[in-house]
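So you can see what is in the structure, the chains are spelled out below.
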Amino acid sequence: MPYSHIGVRSSAAQQSLAQALAALSDEFKLPDGFGADVLAEVDAVIAGHQLPAPDLTALPFITIDPPSSQDLDQAMYLERSGDGYVVHYAIADVPSFVPAGGPLDAETRRRGQTVYTPGQRIPLHPLPLSEGAASLFANDPRSAYVWEIHLDADGSQSSATVRRATVQSIAKLGYEEAREMHDAGTAPAAVAGILALLAEIGTKRIALERARGGASLNVPAQEVEFVDGKYVLKFRPNLPIEDWNAQISLLTGMAAAQVMIEGKVGILRTMPAPDEEAIAAYRLQSVALGEPWGEDLAYGAYLRTLNTADPKHLALMHAATTLFRGAGYTPFNGEVPEHVLQAAVAAPYAHTTAPLRRLVDRFVLAICASLCAKDEVPDWAIAALDELPEIMAASNQLANKVDRAAIDTVEAALLSHRVGSEFDAVVLAGPKKNGHGSKVAAARSSIQIQEPAVTAYCDGDLEPGTVVRVTLASVDIAKRSIKFVASPQN
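Small disclaimer: the values here were computed from a predicted structure and weren't measured. (Residues numbered from 1 in each chain as written. Predicted model: local features only at pLDDT ≥ 70, side-chain atom pairs only at ≥ 80, totals over all residues. Heavy atoms only, no water.)

**A short note on the overall build of the protein chain**
Secondary structure assignment for the protein chain yields 13 helices and 20 strands. For 490 residues, the compact-globule formula gives about 23 Å, and the C-alpha radius of gyration of the protein chain, at 23 Å, lands near that figure. In terms of overall dimensions, the protein chain has a C-alpha envelope of 70 × 55 × 50 Å along the principal axes. Here the protein chain holds 490 residues, and the buried ones make up 50% of them. (Helix = DSSP H or I, 4+ residues; strand = E, 2+ residues; numbered from the N terminus. Rg over C-alpha atoms; globule rule 2.2 N^0.38 Å. Buried < 20%, exposed > 50% of the residue type's maximum accessible area, 1.4 Å probe, protein only.)

**A short note on the packing of helix α8 (residues 276-288) against helix α10 (residues 311-319)**
Relative orientation of the contacting elements α8 and α10 amounts to 175°, with a least axis distance of 10 Å. Here α8 lies roughly antiparallel to α10, going by the angle between them. Each of Y282, Q285 and S286 in α8 lies in contact with α10, whose residues at this interface are L316, M317 and A319. For the contact of α8 with α10, the class distribution of residues is four nonpolar, two polar and no charged. (Axes fitted to C-alpha atoms, helices over the stretch in contact; angles between N-to-C directions. Parallel < 35°, antiparallel > 145°, perpendicular 65-115°, else oblique. Contact = heavy atoms within 4.5 Å. Nonpolar A, V, L, I, M, F, W, Y, C, P; charged D, E, K, R; others polar.)

**Observations concerning α10**
Among the residues of α10, H313, L314, A315, L316, M317 and A319 are the ones counted as buried. For α10, the elements touching its buried residues are α8, α9 (299-303), β16 (422-429) and β17 (444-449).

**Details of the pattern of salt bridges**
Scanning all chains against the criterion turns up 22 salt bridges. In this structure, a network of salt bridges that share partners links the residues D105, R109, R362 and E387. (Salt bridge = Lys/Arg side-chain N within 4 Å of Asp/Glu carboxyl O.)

**Concerning the confidence of the model for the protein chain**
Confidence along the protein chain averages 89 in pLDDT terms, with 90% of residues attaining 70 or more. Counting interchain partners and residues more than four positions distant, the pLDDT-below-50 stretch residues 1-7 has 28 contacts. (pLDDT = per-residue confidence, 0-100.)

**Quick notes on the sheet that holds β16**
The mixed closed barrel is built from five strands, whose spatial order is β16-β17-β18-β20-β19. Strand-to-strand twist across the sheet, computed as the mean angle between neighbouring axes with direction ignored, equals 50°. For strand β18 (residues 454-459) and strand β20 (residues 481-486), the ladder comprises two bridges, and the chain directions are parallel. Within β20, the residue paired with D459 across the bridge is V485. Along the sheet face, α10 touches β16, β17 and β19 (467-476) and points at about 50° away from the line of β16. Across the sheet, helix α13 (residues 388-415) is in contact with β16, β18, β19 and β20; its angle to β20 comes to roughly 60°. (Pairing = 2+ DSSP bridges.)

**Remarks on unusual backbone geometry**
The residue after A53, namely P54, is reached through a cis peptide bond having omega 0°. With respect to the helices and strands, the residue P54 is situated in the loop between α2 (36-48) and β2 (61-65). A positive phi angle, close to 60°, is found at K374, a residue other than glycine. Of note, K374 is situated in the loop between α11 (359-372) and α12 (379-384).

**Structural notes on the packing of helix α6 (residues 189-212) against helix α7 (residues 240-263)**
Direction vectors running N to C along α6 and α7 enclose 65°, while the axes themselves pass 8 Å from each other. In this view, α6 runs roughly perpendicular relative to α7, as classed from their interaxial angle. Handedness of the crossing formed by α6 with α7: left-handed. Together, L195, L198, A199, I201, G202, T203, R205, I206, E209 and R212 of α6 and I241, D243, W244, N245, Q247, I248, L250, L251 and M254 of α7 make up the contact between the two elements. Looking at the contact of α6 with α7, its residues break down into 11 nonpolar, four polar and four charged. (Left-handed = near helix turned anticlockwise from the far one by under 90°.)

**With respect to the state of the cysteines**
Taken as a whole, this structure holds zero disulfides when the rule is applied. C372 forms no disulfide, and the closest cysteine sulfur to it belongs to C368, at a distance of 6.4 Å. Since its relative accessible area comes to 26%, C372 is described here as partly exposed. (Disulfide = S-S within 2.5 Å.)

Spelled out as structure tokens, the structure:
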């Protein structure tokens, strides 16, 4: 699938788009700033904050994030150990900046997570904290929770612990910058060694994921950005270095889950395995699209065979989202629940690597560090376990709605001057069916326009995986409405 970077052209469309995006805050009742009591508490905590022992600033950590990111949650340092490896993964020390029961604690529970809109983000924490004192900037000593995870030669975990420490990153890299440095061999020696090991460990962790039946669903993502005063829509597959980086985060989440399960207290990110009906339906669709999913192949391994540049494969990748449903959070204290797996990971898993942007991670970090030190788990962390699933479910739902509304709005603006034009499109899915298995009366098929990168619906019963010609019938930016019809030659 080609990289797409398309801007809204006309000034009138830009104005309508800006107004529609600004209205999202009111429509979804997004928070507007932080109260004076919260900001005063943050200022006081930052002023009195002290860096913890031990001092690990001699280790050359690096961060790899989108280039515009300022809320840097993670930094890594990787090294060899015999024929295996050691992963040092520093996570922003948010717990030490949020007094239990204070105004900031209450406000973060109200928000749940950072919510992103084009050109704006509604942060979980005030910027002096999330993009200042707690962010793992390069060349600044920072307090962090540092995971030390030992891996065998094949990349499998042999041990894991976490503790508070002082760290210092030596480089802030963007994904594309890190890829270019790795591929061209232009990185400074300390950075080059980490990037080389990231590729080595990431590749081995992907192989282990495949072996245990896990699945990384790398559907090319639509992203809206504000560039040079204009909104643009990006659409691209993940770079290999993003996949390797994600594997380090997954490894850490699996380590956190194991620590909490052994300690019999914590909160896991869980997801049930796909039910037989969903698997059977997906197997039939894979046959219909000419890429049968063999009975002897785990679905994670099958998904990794798909190529997003192939329209049929792209349709299958989008359809695979039906297998990834029902994710939630499972708290426990004293008795480990029966169902602890995150089916896509194919292992117990916990959110622990993004505390600046996601509420639950703060509690997981504190719990894991206490268990590793054989200390009592803080009462404030235990007391929050039962309410966290509801908070996170609500904030996830809100974030997804805002993200989808923003993308729909930008897509409408991109196409506002193209009514009546024809486009090539890939059919992602046919019409939805009612509860009796029959297609609904007003049949609409899900399609993806190849240029610009827009997903939408088209009237009619179209065959998934085919390339069709469609005509843009109407657009309404304010209503986020785009209507396509199949062109006559179809």
